[in-house]
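As a plain string of letters, each chain reads:
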Amino acid sequence: MLRVHSFESLGTYDGPGIRLVAFLQGCNFKCLYCANADTIELKGGNKTSVEEIVGMAENQRPFFGKKGGLTFSGGEPLVQAKQLLPVVKALKERGFHICIDTNGSILNDDVKEVLQYTDIVLLDIKHINKEQHQLLTGKGNEKTFAFVEYLSEIQKPIWLRYVLVPGYSDATEHLHQLGEHFKAFENIEKIEIQPYHELGAHKYEHLGWEYKLKGVKANTDEQLNAAHDILSNYFKEVVIN
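In what follows, the accompanying structure is described. Every value quoted in this text rests on a predicted model; they were computed, and no experiment measured them. (Residues numbered from 1 in each chain as written. Predicted model: local features only at pLDDT ≥ 70, side-chain atom pairs only at ≥ 80, totals over all residues. Heavy atoms only, no water.)

Let us look at the overall build of the protein. When its secondary structure is counted, the protein shows eight helices and nine strands. Taking 18 Å as the expected radius of gyration for a compact globule of 241 residues, we find that the protein reaches 17 Å, a close match to that expectation. Summarising its shape, the C-alpha atoms of the protein cover approximately 45 × 45 × 35 Å along the three principal directions. A burial count over the protein gives 51% of its 241 residues as buried. Here the contacts in the protein between residues at least 6 apart in sequence split such that 71% fall between residues at least 24 apart. On the protein, roughly 11,200 Å² of surface is accessible, and the fraction owed to carbon and sulfur atoms is 50%. (Helix = DSSP H or I, 4+ residues; strand = E, 2+ residues; numbered from the N terminus. Rg over C-alpha atoms; globule rule 2.2 N^0.38 Å. Buried < 20%, exposed > 50% of the residue type's maximum accessible area, 1.4 Å probe, protein only. Contact = heavy atoms within 4.5 Å. Areas by Shrake-Rupley, 256 points an atom, 1.4 Å probe, with all protein chains shown as cover.)

Right, dumping it as structure tokens:
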């Protein structure tokens, strides 16, 4: 049984086409800008069976078309890799396209098996700089880099995702370092720049946690376009979501 926080039908920002998105409960990061802070705690969520998820997928199959499918997000879905495995296996047996949206910090035998049934990994790169990554997430980035290396070995397609937080992850030198580090990975199909927003601030407050990015303004068009121009030197495709 998977612990599912919520589902989103007809999602268009979490992989190709139209998708059913399952937000799983539990995350090993605590990102300062998390939009789903109520998914961080490992406890909670609704216990959901393989049959329930497959049934939802079958009901929504007509909307998926040739490109759509299911995306497992969170939280960090690979925290529940053991429970997720029978779900993705059953879905793949029925011909569904599967994306995993992950921070890439967990790599064990269960995760490796889940990846066998995964079509695209949506990999959230929080920061190229170790210290800044620690500041933003509470954890280092070494495991994420190792995860990328593994995905390269098995030639699993990757869509990188990068939240552009003014004053935290938008420095020109760091964007160039990001591009330099990942430009040689042929399985990286594109990078998506995700604008910073404060949509998760009220959830932090509701949970009794301090939202440490108060006062950080949303990106200007100029900031987003500047990041797009820099990253376009390194990646096949750069998209502002």
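Turning our attention to the side chain of H174. Along the chain, the position of H174 falls in helix 6 (residues 172–182). Its relative accessible area of 12% is what places H174 among the buried residues. If sequence neighbours within four positions are ignored, H174 has contacts with H127, I128, N129 and Q132.

Turning our eyes to something else, we now look at the packing of helix 6 against helix 8 (residues 221–231). Where helix 6 contacts helix 8, the axes come no closer than 9 Å and their chain directions differ by 35 degrees. Regarding helix 6 and helix 8, the two cross each other, and that crossing is right-handed. Only A227, I230 and L231 of helix 8 make contact with helix 6, whose side of the interface consists of T172, L175, H176 and L178. (Axes fitted to C-alpha atoms, helices over the stretch in contact; angles between N-to-C directions. Left-handed = near helix turned anticlockwise from the far one by under 90°.)

Turning to the packing of aromatic side chains, a few remarks are in order. Enumeration according to the criterion identifies five aromatic pairs in this entry. In this structure an aromatic cluster arises from ring pairing among F145, F182 and F185. The ring of F96 is capped by R61, whose NZ or CZ atom sits 3.9 Å from the centre of that ring. The ring of W159 carries K190 above its face, with NZ or CZ at 3.7 Å from the centroid. (Phe/Tyr/Trp six-rings, centres within 6.5 Å; stacked < 30°, edge-to-face > 60°. Lys NZ or Arg CZ within 6 Å of the ring centre and 35° of its normal.)

Before going further, it helps to examine helix 4 (residues 130–137). Inspection of helix 4 places H133, L136 and T137 among the buried residues, and these make up the whole buried set. With its buried residues spanning 75 degrees around the axis, helix 4 presents them on a single face. Capping the start of helix 4, N129 holds a side-chain oxygen 3.0 Å from the backbone nitrogen of E131, two or three residues further along. Once helix 4 finishes, G138 follows within two positions and takes phi at roughly 90 degrees, a positive value. (Arc of directions from axis to C-beta. Polar contact = N/O pair within 3.5 Å; in protein donor to acceptor, adjacent residues only side chain to side chain.)

A sheet is described by the order of its strands in space; here nine strands give the open sequence 3-1-2-4-5-6-7-8-9, paired in mixed fashion. The sheet terminates laterally at strand 3 (46–48) and strand 9 (238–240), the two strands that pair on one side only. Each strand axis lies, on average, 30 degrees off the axis of its neighbour in the sheet, ignoring direction. Inspection of the sheet shows strand 1 (residues 2–11) paired to strand 3 by three bridges, in the antiparallel sense. Residue pairing in the sheet places V4 in a bridge with N46 of strand 3. (Pairing = 2+ DSSP bridges.)

With that settled, the discussion passes to the nonpolar core. Grouped together as the largest cluster of nonpolar side chains are 54 residues, with contacts concentrated most on L70, F72, L84, L91, L160, F182 and F235. Here the element with the most residues in this core is helix 2 (residues 81–93); it accounts for seven residues. When residues no more than four places from it in sequence are discounted, the contact partners of F235 are L160, L178, G179, F182, I188 and I191. Judged by nonpolar contacts, the second largest core, of 18 residues, contains C27, C31, V163 and W209. (Core = buried A, V, L, I, M, F, W, Y, C linked by side-chain atoms within 4.5 Å.)

The next subject is the packing of helix 2 against helix 3 (residues 109–116). At their nearest, the axes of helix 2 and helix 3 sit 9 Å apart, and the two run at 20 degrees to each other. One finds that helix 2 runs roughly parallel with respect to helix 3. When you trace helix 2 past helix 3, the crossing you get is left-handed. Across from A81, K82, L84, L85 and V88 in helix 2, the residues of helix 3 making contact are D110, V111, E113 and V114. (Parallel < 35°, antiparallel > 145°, perpendicular 65-115°, else oblique.)

These figures come from the coordinates and say nothing about function on their own.
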